[in-house]
Amino acid sequence: MRLGFAGTPQFSVAALDALLRSRHRVVAVFTQPDRPAGRGQSLHLSAVKRRALVAKLQLLQPASFKTPDAAAALDRLELDALVVVAYGLILPAAVLTLPKLGCFNIHASLLPRWRGAAPIQRALLAGDTTTGVTIMRMEAGLDTGPILAAREVQIGERETAGSLHDRLAPLGGELLLETLDAVAAGRAREQPQSQSGITYAEKITKAEALIDWREAATSILRRVRAFNPWPIAETRMNGAQLRIWDAELVPGMAAATPSDAEDVSRPPGSVVAASSDGIDVACGRGALRLLRLQLAGRKPLAAPEFLKSQRVALSSFASS
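Residues numbered from 1 in each chain as written. Predicted model: local features only at pLDDT ≥ 70, side-chain atom pairs only at ≥ 80, totals over all residues. Heavy atoms only, no water.

1. Some details on the sheet that holds strand S5 (residues 59-60)
Point 1. Taken together, the seven strands give an open sheet; going across it, the order is S5-S2-S1-S6-S7-S9-S10, and neighbouring strands pair in mixed fashion. Edge positions in the sheet fall to S5 and strand S10 (147-154), since each has one partner strand and no second.
Point 2. Sheet analysis places strand S9 (residues 130-137) next to S10, joined by seven bridges and oriented antiparallel. The residue of S10 that forms the bridge with Thr-131 is Val-153.
Point 3. Against the sheet, helix H1 (residues 10-21) makes contact with strand S1 (2-7), strand S2 (25-30), strand S6 (81-85) and strand S7 (103-107), and its axis sits at roughly 165 degrees relative to S1, the strand it touches most. (Pairing = 2+ DSSP bridges. Helix = DSSP H or I, 4+ residues; strand = E, 2+ residues; numbered from the N terminus. Contact = heavy atoms within 4.5 Å. Axes fitted to C-alpha atoms, helices over the stretch in contact; angles between N-to-C directions.)

Quick look at the structure:
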């Protein structure tokens with residue numbers, strides 16, 4: 001089949017690579033326009049653009065598909081299908097009908113759970129034990145199209161958004177190839193999404209990364225894992241930003257209240273112990289052991305190394 005590919009971040013690259021290894025032909029790649037990024041505000045090339053340049057693929061970067069020119073450029077490609085993976089631009093209903101067989105999307109959840117922008121992070125924040133990838137035919141609604149295939153995975157106890165991303169991206173590519181082959185052979189079967197169990201994965205913001213120690217330790221731990229590698233859960237120590245890259249529940253205190261801690265006078269956010277095992281912090285319920293930390297402008301350190309360079313008094317971290 002003559003395929004177009006639309007994607008932007010690193011998650012999309014695995015699917016593009018899978019297509020490039022397949023018997024199908026990728027005739028053009030769409031990705032978002034280059035944008036200023038970083039302190040120097042130099043133009044940032046998307047991960048998909050970097051891969052497309054290496055593969056010497058035709059590259060298009062419209063700012064929107066709502067203009068006649070963008071739609072006409074897609075129409076001229078005479079595609080059999082357009083594959084869309086975390087593209088980040090809305091495709092109007094009229095555009096979705098331009099490829100002969102339609103537009104197909106890889107979504108990093110088991111739809112209809114976690115429709116929207118951040119399904120991986122929201123699954124971790126909610127404490128889900130399973131997730132997966134779904135291949136759907138795109139329609140005008142937000143991730144509402146009929147399902148062609150889905151594959152489930154278990155979420156590990158120490159799973160982060162980064163590790164889950166790295167498992168789901170290639171899985172999505174594999175499932176996409178199976179689905180496209182079925183579409184090409186005329187044996188694909190579509191199933192409407194269930195109208196029950198619908199949830200929405202809102203875009204992650206940096207403001208969500210600020211830890212509120214009044215929450216339960218289990219909730220804060222989910223935040224640490226969901227926000228690794230971005231935007232990284234953080235607190236304040238002596239007024240300075242302190243990022244938490246890794247943590248675990250203090251054994252035997254997962255359901256405890258701060259009054260059950262060794263020092264009954266310590267409120268949420270209090271450091272109740274600091275040793276080579278980690279830095280134990282009282283929470284609204286239970287206690288969290290910080291294992292890897294990073295002060296602003298410095299590199300992340302395991303707790304023992306961090307304690308060698310920083311004096312952590314048995315006092316409080318700041319809550320939001």
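2. Considering the environment of Asp-212
Point 1. Structurally, Asp-212 is set in the loop between strand S11 (200-201) and helix H7 (217-226).
Point 2. Judged by its relative accessible area of 15%, Asp-212 falls in the buried class.
Point 3. Within the structure, the side chain of Asp-212 is placed 2.8 Å from the side chain of Arg-214, a separation counted as a polar contact. (Buried < 20%, exposed > 50% of the residue type's maximum accessible area, 1.4 Å probe, protein only. Polar contact = N/O pair within 3.5 Å; in protein donor to acceptor, adjacent residues only side chain to side chain.)

3. Focus on the side chain of Arg-223
Point 1. Looking at the secondary structure, you find Arg-223 in helix H7.
Point 2. For Arg-223, the contacting residues outside a window of four places in its chain are Leu-125, Glu-208, Glu-215 and Ala-233.

4. Topic: the packing of aromatic side chains
Point 1. Enumeration over the complete set of coordinates arrives at three aromatic pairs.
Point 2. One aromatic cluster is present, built from ring pairs that chain together Phe-30, Phe-65 and Tyr-87. (Phe/Tyr/Trp six-rings, centres within 6.5 Å; stacked < 30°, edge-to-face > 60°.)

5. A word on the pattern of salt bridges
Point 1. Tallying each qualifying case throughout the model produces 16 salt bridges.
Point 2. Linking Arg-167 and Glu-159 is a salt bridge whose minimum nitrogen-to-oxygen distance equals 2.6 Å.
Point 3. Note on Glu-159: relative accessible area 8%, which makes it buried. (Salt bridge = Lys/Arg side-chain N within 4 Å of Asp/Glu carboxyl O.)

6. What about the packing of H1 against helix H6 (residues 161-185)?
Point 1. Packing of H1 against H6 leaves a shortest axis separation of 8 Å and a crossing angle of 35 degrees. Here H1 runs over H6; the crossing is right-handed. Along its contact with H1, which presents Gln-10, Phe-11, Ala-14, Ala-15, Ala-18 and Leu-19, the element H6 presents His-165, Leu-168, Ala-169, Pro-170, Gly-173, Leu-176, Leu-177 and Leu-180. (Left-handed = near helix turned anticlockwise from the far one by under 90°.)

7. Examining the pairing of S6
Point 1. Taking burial as the measure, the five residues of S6 include five buried ones, the bulk of the element.
Point 2. In S6, alternate side chains face the same way, and those of Ala-81, Val-83 and Val-85 on one face and Leu-82 and Val-84 on the other are all buried.
Point 3. Inspection of the sheet shows S1 paired to S6 by five bridges, in the parallel sense. Note on S6: the bridge partner recorded for Ala-6 is Val-84.
Point 4. Bridge count between S6 and S7: three bridges; the pairing is parallel. Paired with Leu-82 across the bridge in S7 is Cys-103.

8. Some words on unusual backbone geometry
Point 1. The omega angle of the peptide bond from Leu-111 to Pro-112 is 15 degrees, so this bond is cis rather than trans.
Point 2. Assignment of secondary structure puts Pro-112 in the loop between S7 and strand S8 (115-116).
Point 3. Of note in the backbone geometry, Ile-232 takes a positive phi value of approximately 80 degrees without being a glycine.

9. A look at the nonpolar core
General note: in soluble globular proteins, nonpolar side chains tend to be found buried as a group.
Point 1. Membership of the largest hydrophobic core comes to 46 residues, with the highest contact counts inside it found for Phe-5, Phe-11, Leu-19, Val-29, Leu-168 and Leu-176.
Point 2. Sort the elements by how many residues they give to this core and H6 lands first, with 10 residues.
Point 3. Setting aside residues up to four positions removed in sequence, Leu-168 forms contacts with Phe-11, Ala-108, Ile-120, Thr-131, Gly-132, Val-133 and Val-153. (Core = buried A, V, L, I, M, F, W, Y, C linked by side-chain atoms within 4.5 Å.)

10. Observations regarding helix H3 (residues 68-76)
Point 1. Among the residues making up H3, those that are buried are Ala-70, Ala-71, Ala-73 and Leu-74. Looking straight down H3, one finds its buried side chains confined to an arc of 155 degrees; they lie on one side. Across H3 from its buried face, at more than 90 degrees, point the exposed residues Pro-68, Asp-69 and Arg-76.
Point 2. Summarising the contacts, the buried residues of H3 are in contact with S2, S5, S6 and helix H4 (93-96).
Point 3. Directly beyond the C-terminal end of H3, a positive phi value near 50 degrees is found at Glu-78. (Arc of directions from axis to C-beta.)

11. Let's talk about the side chain of Thr-179
Point 1. The residue Thr-179 is located in helix H6 in this model.
Point 2. Residues contacting Thr-179, with those up to four places away along its chain left out, are Ile-135, Leu-148 and Ala-149.

12. Some words on the confidence of the model for the protein
Point 1. With 93% of its residues at a pLDDT of 70 or more, the protein shows a mean pLDDT of 92.
Point 2. Low confidence marks residues 256-265, where pLDDT is under 50. Its contacts with residues over four positions away, or in another chain, come to 13 contacts. (pLDDT = per-residue confidence, 0-100.)

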